[in-house]
Amino acid sequence: MNIPRKVVTYSLVLVIAMGFTGCSAIRSVMSDAYALGLTAGQEYAALKETTDNLQTWIPEEDGSESEPFIQGDEASVRGYCAGIWAIAGIASGLENSDSNESDFVSGCLDGAGF
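Residues numbered from 1 in each chain as written. Predicted model: local features only at pLDDT ≥ 70, side-chain atom pairs only at ≥ 80, totals over all residues. Heavy atoms only, no water.

(A) Local environment of helix α2 (residues 32-55). Over its 24 residues, α2 runs 35 Å from end to end, which matches the ideal 34 Å to within 8%, given 1.5 Å per residue. All of the buried residues in α2 are Ala-33, Gly-37, Ala-40, Gly-41, Tyr-44, Lys-48, Thr-51 and Gln-55. Looking at the packing, one finds that the buried side of α2 touches α3 (74-91) and α4 (98-111). (Helix = DSSP H or I, 4+ residues; strand = E, 2+ residues; numbered from the N terminus. Expected span 1.5 Å × (residues − 1). Buried < 20%, exposed > 50% of the residue type's maximum accessible area, 1.4 Å probe, protein only. Contact = heavy atoms within 4.5 Å.)

(B) The nonpolar core, seen in detail. Ranked by size, the top nonpolar core spans 14 residues in total, and within it Ala-33, Tyr-44, Val-77, Cys-81, Trp-85, Phe-104 and Val-105 carry the most contacts. Residues contacting Ala-33, with those up to four places away along its chain left out, are Trp-85, Leu-94, Asn-100, Asp-103 and Phe-104. (Core = buried A, V, L, I, M, F, W, Y, C linked by side-chain atoms within 4.5 Å.)

(C) The arrangement of the pattern of salt bridges in detail. Summed over all chains, the structure comprises two salt bridges. We note a salt bridge from Lys-48 to Asp-52, for which the minimum N-O separation is 2.8 Å. Note that Lys-48 and Asp-52 are positioned in helix α2 at a spacing of four residues, about one turn of the helix. Of the charged contacts, one joins Glu-74 and Arg-78 as a salt bridge, the two residues approaching to 3.3 Å between their closest N and O atoms. Placement of the pair is Glu-74 and Arg-78 together in helix α3, with a separation of four residues, close to one helical turn. (Salt bridge = Lys/Arg side-chain N within 4 Å of Asp/Glu carboxyl O.)

(D) How the structure looks around a negative patch on the surface. The grouping of Glu-60, Glu-61, Asp-62 and Glu-67 at the surface amounts to a negative patch. Relative to the elements of secondary structure, Asp-62 occurs in the loop between α2 and α3. For Asp-62, a relative accessible area of 63% gives the class exposed. (Patch = residues over 30% accessible without salt bridge, like charges linked within 9 Å, V, L, I, M, F, W, Y side chains within 5 Å. Areas by Shrake-Rupley, 256 points an atom, 1.4 Å probe, with all protein chains shown as cover. Lys, Arg positive; Asp, Glu negative; His and termini not counted. Charge placed at Lys NZ, Arg CZ, Asp CG, Glu CD.)

(E) How the structure looks around the confidence of the model for the chain. Predicted confidence across the chain gives a mean pLDDT of 78, with 71% of residues reaching 70 or more. Ranking the elements of the chain by mean pLDDT puts helix α1 (residues 5-29) last with 47 and α4 first with 95. Counting interchain partners and residues more than four positions distant, the pLDDT-below-50 stretch residues 17-28 has zero contacts. (pLDDT = per-residue confidence, 0-100.)

(F) Fine view of α3. In a regular helix each residue adds 1.5 Å, so 18 residues correspond to 26 Å; α3 covers 25 Å between its end C-alpha atoms and thus fits that length. Taken as a whole, α3 has its buried residues at Val-77, Cys-81, Trp-85, Ala-88 and Gly-89. Those residues of α3 hidden inside the fold are in contact with α2 and α4. Looking one or two residues beyond α3, the residue adopting positive phi is Gly-93, at roughly 80°.

(G) Highlighting the packing of α3 against α4. Packing of α3 against α4 leaves a shortest axis separation of 9 Å and a crossing angle of 135°. Between α3 and α4, the crossing angle belongs to the class labelled oblique. The two elements α3 and α4 meet at a crossing, and its hand is right-handed. Each of Glu-74, Val-77, Arg-78, Cys-81, Ala-82, Ile-84, Trp-85 and Ala-88 in α3 lies in contact with α4, whose residues at this interface are Asn-100, Glu-101, Phe-104, Val-105, Cys-108 and Leu-109. Along the lines of polarity and charge, the residues of the contact of α3 with α4 split into ten nonpolar, one polar and three charged. (Axes fitted to C-alpha atoms, helices over the stretch in contact; angles between N-to-C directions. Parallel < 35°, antiparallel > 145°, perpendicular 65-115°, else oblique. Left-handed = near helix turned anticlockwise from the far one by under 90°. Nonpolar A, V, L, I, M, F, W, Y, C, P; charged D, E, K, R; others polar.)

Structure (structure tokens):
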């Protein structure tokens, strides 16, 4: 079976074009609130990791391991995300709506790894 060179070339160009437009299509579907929440969640995860690493160097007075400074369970992160929504959203110029808040919290949880 001999596939014409033109068909292979057009197919390759089509696959590459779909790859690029697919990425931009995903970005355009993602709301600004979700994107802002995603960044906030990633920052939360990085801060949690940093404080956890620092705490390994600072034991309690009795030598035992100290309690985590920043909680990492989903309920704590959800509370954090919901709590900072109004400040982060207003500062970014986003409308204070239920859908924006929901998108922000979803993005924040995704960014934090949940």
